[in-house]
Amino acid sequence: MSHASDKAMVNRLRRANGHLAKIASMVEENRSALEIAQQLQAVIAALTKARGALVAHHIEHHLEEAVGELTPETRQTLVQLSEIAKYL
């Protein structure tokens, strides 16, 4: 499956986009900087999570192309690597 046809990724990005549009409205409404900053942090976190999912999917896809079908153990190792990569 290509990244472009990954419905979960598209939905995640659309939600973040909608959230960001609401933040723009908050700025126009002159809402408090604290509220806006909190909402911006939520969008940043959502986009960071989307980026991580995209990279993990990309690695798994190309690894499978290179070595063939991945075993459940290898997939579990990739999950663990994706988890630790959040801290980079």
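No experiment lies behind these values; they were computed from the predicted model shown.

### Things to note about the packing of helix H1 (residues 7-28) against helix H2 (residues 33-67)
The geometry of H1 relative to H2 is characterised by a closest axis approach of 10 Å and an angle of 165° between their N-to-C directions. The angle between the axes of H1 and H2 places the two elements in the roughly antiparallel class. When you trace H1 past H2, the crossing you get is left-handed. Listed contacts from H2 to Met9, Arg12, Leu13, Ala16, His19, Leu20, Ile23, Met26 and Val27 of H1 are Glu35, Ile36, Gln39, Leu40, Ala42, Val43, Ala46, Leu47, Lys49, Ala50, Ala53 and Leu54. A class-by-class count of the residues in the contact of H1 with H2 yields 16 nonpolar, two polar and three charged.

### Some words on unusual backbone geometry
A positive phi is found at Asn30, a non-glycine position, where the angle reads about 60°. As for its position among the elements, Asn30 is in the loop between H1 and H2.

### Some remarks on the pattern of salt bridges
Throughout the structure, instances matching the rule amount to four salt bridges. We note a salt bridge from Arg31 to Glu35, for which the minimum N-O separation is 3.1 Å. Residues Glu60 and Arg75 are paired through a salt bridge, measuring 2.2 Å at the closest nitrogen-oxygen approach. Of the two residues, Glu60 is situated in helix H2 and Arg75 in helix H3 (residues 72-85); the sequence distance between them amounts to 15 residues. Of the residues examined, Arg75 reaches a relative accessible area of 28% and is grouped as partly exposed.

### Brief notes about the confidence of the model for the chain
Averaged over every residue, the pLDDT of the chain is 89; residues scoring 70 or more account for 94%. The secondary-structure element of the chain with the lowest mean pLDDT is H3, recorded at 87, while H1 shows the highest, at 96.

### Here's the deal with H2
Helical geometry: 3.6 residues make up each α-helical turn, so side chains three or four residues apart lie on a common side. Taking 1.5 Å as the rise per residue, H2 with 35 residues should run 51 Å; its terminal C-alpha atoms sit 50 Å apart, in good agreement. Buried residues along H2 sit against H1. Just beyond H2, the residue with positive phi is Gly68, at close to 95°.

### Describing the environment of Gly52
Inspection of the secondary structure puts Gly52 in helix H2. Distance in space between the C-alpha atoms of Gly52 and Glu83 is 9.0 Å, their sequence separation being 31 residues.

Calculation notes
Residues numbered from 1 in each chain as written. Predicted model: local features only at pLDDT ≥ 70, side-chain atom pairs only at ≥ 80, totals over all residues. Heavy atoms only, no water. Axes fitted to C-alpha atoms, helices over the stretch in contact; angles between N-to-C directions. Helix = DSSP H or I, 4+ residues; strand = E, 2+ residues; numbered from the N terminus. Parallel < 35°, antiparallel > 145°, perpendicular 65-115°, else oblique. Left-handed = near helix turned anticlockwise from the far one by under 90°. Contact = heavy atoms within 4.5 Å. Nonpolar A, V, L, I, M, F, W, Y, C, P; charged D, E, K, R; others polar. Salt bridge = Lys/Arg side-chain N within 4 Å of Asp/Glu carboxyl O. Buried < 20%, exposed > 50% of the residue type's maximum accessible area, 1.4 Å probe, protein only. pLDDT = per-residue confidence, 0-100. Expected span 1.5 Å × (residues − 1).

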